[in-house]
Amino acid sequence: MFNHSSQETMQASKTVLIHRDSKAWSLQVWLSFAIAIFVCAVGLAYLPGQDLDRAFMVMGYFFCLSAAFVLAKFVRDNERAQGEARVADTPMFKFVVWGGFFLAMGLTGWGLARMDVNETYKAFLGVSWLYLITCTFTLAKTLRDKHDADVGEARLQGRAARVDAVAE
């Protein structure tokens, strides 16, 4: 068994740093995502033309949004699996995820390009759409980093409690 001073020395030599994003960064990420959603919603709400065109674009934006979140999770899971020397997903799932993302982006871009609206309005919708996608990837990474930090912290607390229980 270890005495109290040797435990403190052992814990000090095994300091684990858990990276956490600052509150300012998290606020900026959430604010950017909210602004992107708002700008896209305004652009789509006032989209001139037929209701069918508006419905197509709304569905396209939602398809792109969900595909971006899925792709971000897929890439992160596979990156982690590579570090652990294991396979995370099947080749077919990889095809579905990447194919879904490119299909969503392609069909939405195609629909936007073919719409019979002012070029300035198309540019506004295009820029707001791409802003939404980039904010989605940033938000997904920020949320995943927070989850990883929470899990790491919980594990450290569990290990510390186990060491304390063994020491007593």
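Everything that follows concerns the structure shown earlier in this document.
Owing to the predicted nature of the structure, the values given are computational and were not obtained by experimental measurement. (Residues numbered from 1 in each chain as written. Predicted model: local features only at pLDDT ≥ 70, side-chain atom pairs only at ≥ 80, totals over all residues. Heavy atoms only, no water.)

A. Here's a closer look at the packing of helix 3 (residues 51–83) against helix 5 (residues 119–167). The N-to-C vectors of helix 3 and helix 5 enclose an angle of 35 degrees; their axes lie 9 Å apart at closest approach. Helix 5 is crossed by helix 3, and the crossing has right-handed handedness. (Axes fitted to C-alpha atoms, helices over the stretch in contact; angles between N-to-C directions. Helix = DSSP H or I, 4+ residues; strand = E, 2+ residues; numbered from the N terminus. Left-handed = near helix turned anticlockwise from the far one by under 90°.)

B. Structural detail: the packing of aromatic side chains. Under the counting rule described, the total for this entry stands at eight aromatic pairs. Look at W98 and F102: their rings are 5.7 Å apart centre to centre, the planes differ by 25 degrees, and that puts the pair in the stacked class. Linking W98 with F102, this pair stays in helix 4 (residues 91–114), spanning four residues, or about one helical turn. Take W98: its relative accessible area is 32%, and that puts it in the partly exposed class. Here F102 falls in the exposed class, since its relative accessible area comes to 51%. Look at Y121 and F124: their rings are 6.4 Å apart centre to centre, the planes differ by 50 degrees, and that puts the pair in the tilted class. Note that Y121 and F124 are positioned in helix 5 at a spacing of three residues, about one turn of the helix. The class of F124 is partly exposed, set by a relative accessible area of 37%. Of the aromatic side chains, those joined through ring pairs into one cluster are W98, F101, F102 and F137. (Phe/Tyr/Trp six-rings, centres within 6.5 Å; stacked < 30°, edge-to-face > 60°. Buried < 20%, exposed > 50% of the residue type's maximum accessible area, 1.4 Å probe, protein only.)

C. A look at the environment of T108. Considering the arrangement of structural elements, one finds T108 in helix 4. Residue classification places T108 among the buried residues on the basis of a relative accessible area of 1%. For the pair T108 and S128, spaced 20 residues apart in sequence, the C-alpha separation works out to 13 Å. Ignoring any residue separated from it by four or fewer positions in sequence, one finds T108 in contact with M57, G60, Y61, C64 and W129. (Contact = heavy atoms within 4.5 Å.)

D. Just helix 2 (residues 23–45), in detail. Counted at 1.5 Å a residue, the expected span for helix 2 with its 23 residues is 33 Å, and the 32 Å between its end C-alpha atoms agrees. Restricting attention to buried positions, one finds in helix 2 the residues V29, S32, F33, A36, C40, G43 and L44. If you follow the buried residues of helix 2, they end up packed against helix 3 and helix 5. (Expected span 1.5 Å × (residues − 1).)

E. Examining the pattern of salt bridges more closely. Scanning the model with the defined rule gives 12 salt bridges in all. D150 is the partner of R20 in a salt bridge, and the nearest nitrogen-oxygen pair spans 2.7 Å. Linking R20 in the loop between helix 1 (4–13) and helix 2 with D150 in helix 5, this pair joins segments that are 130 residues apart in sequence. On the basis of relative accessibility, which here comes to 36%, the residue R20 falls in the partly exposed class. Taking the relative accessible area as the measure of exposure, D150 reaches 33% and is therefore partly exposed. In this structure, E119 and K122 form a salt bridge, with 3.6 Å as the shortest nitrogen-oxygen distance. On the criterion of helical spacing, the pair formed by E119 and K122 is a turn pair, its members being three residues apart in helix 5. (Salt bridge = Lys/Arg side-chain N within 4 Å of Asp/Glu carboxyl O.)

F. Main features of unusual backbone geometry. Phi at A85 takes a positive value of approximately 55 degrees, unusual for a residue other than glycine. By the element assignment, A85 lies in the loop between helix 3 and helix 4.

G. Main features of a nonpolar patch on the surface. Where nonpolar side chains cluster on the molecular surface, the patch consists of F56, F63, L103, L107 and W110 and spans about 460 Å² of accessible area. Mapped onto the nonpolar patch, the elements with two or more residues apiece are helix 3 and helix 4. The exposure class assigned to F56 is partly exposed, which follows from its relative accessible area of 31%. (Patch = residues over 30% accessible without salt bridge, like charges linked within 9 Å, V, L, I, M, F, W, Y side chains within 5 Å. Areas by Shrake-Rupley, 256 points an atom, 1.4 Å probe, with all protein chains shown as cover.)

In short, shape yes, function no, at least from these values alone.
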